[in-house]
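Here's the letter readout for the chains.
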Amino acid sequence: MALEINMKSKDKKDHMRVRYSNFSIGPESENYTLHVSGYSGNATYNALVYQNNLQFTTKDADHDDRSLDNCASLLEGGWWYGNCSASNLNGDFNETDAKGIWWREDVHNQVLPSPHLLCYSEMKFYKHKRYAEKWTVSRIWNF
């Protein structure tokens with residue numbers, strides 16, 4: 001399968017689209033581990049690279065990399081959190097901080113910047129990997 005994510009910044013000036021030609025989520029026995037590769041798009045940073053091969057974390061199922069905290073509790077949403085991640089597309093739409101919907105846009109000297117707050121995100125799952133073909137949408141989530 002393939003994944004396309006469309007996003008719009010809170011100020012509505014930036015529209016970003018990222019695509020992963022290879023996308024899958026592992027079974028429940030693997031805590032829904034995320035697998036993505038084949039990145040392309042107009043976002044300046046591949047934020048999901050940090051979530052690749054991570055298990056899904058929720059408030060009641062802590063699978064993130066933080067030993068003292070649960071990122072899902074801190075950020076109030078389930079996601080493939082590492083050390084609270086480089087993206088959070090399951091955040092609260094009304095929030096204007098890290099609890100909101102965001103995608104990090106840049107990396108300078110390996111230090112992650114403030115998140116790029118979003119007013120819109122859409123994840124599309126496709127059966128076909130090649131973008132030149134007409135794809136069949138398997139499911140669309142609007143947050």
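As a reminder, the structure under discussion sits directly above these lines.
The model shown is predicted, which means the values in this text are computed figures rather than measured ones. (Residues numbered from 1 in each chain as written. Predicted model: local features only at pLDDT ≥ 70, side-chain atom pairs only at ≥ 80, totals over all residues. Heavy atoms only, no water.)

Judged by nonpolar contacts, the single largest core of 29 residues is most densely connected at L3, I5, M7, Y20, L48, L89 and W103. If you list the elements that add at least two residues to this core, you get β1 (2-9), β2 (15-25), β3 (34-41), α1 (71-75), β5 (102-103) and β6 (116-126). Counting residues per element, this core draws most heavily on β2, at four residues. (Core = buried A, V, L, I, M, F, W, Y, C linked by side-chain atoms within 4.5 Å. Buried < 20%, exposed > 50% of the residue type's maximum accessible area, 1.4 Å probe, protein only. Helix = DSSP H or I, 4+ residues; strand = E, 2+ residues; numbered from the N terminus.)

Following the criterion strictly, the structure yields one disulfide and no others. The residue that forms a disulfide with C71 is C84, at a sulfur-sulfur distance of 2.1 Å. As the torsion about the S-S bond is roughly -95°, the C71-C84 disulfide counts as left-handed. You can see C71 sitting in helix α1 and its partner C84 sitting in the loop between α1 and β4 (87-88), a full 13 residues away along the chain. For C84, a relative accessible area of 12% corresponds to the buried category. (Disulfide = S-S within 2.5 Å.)

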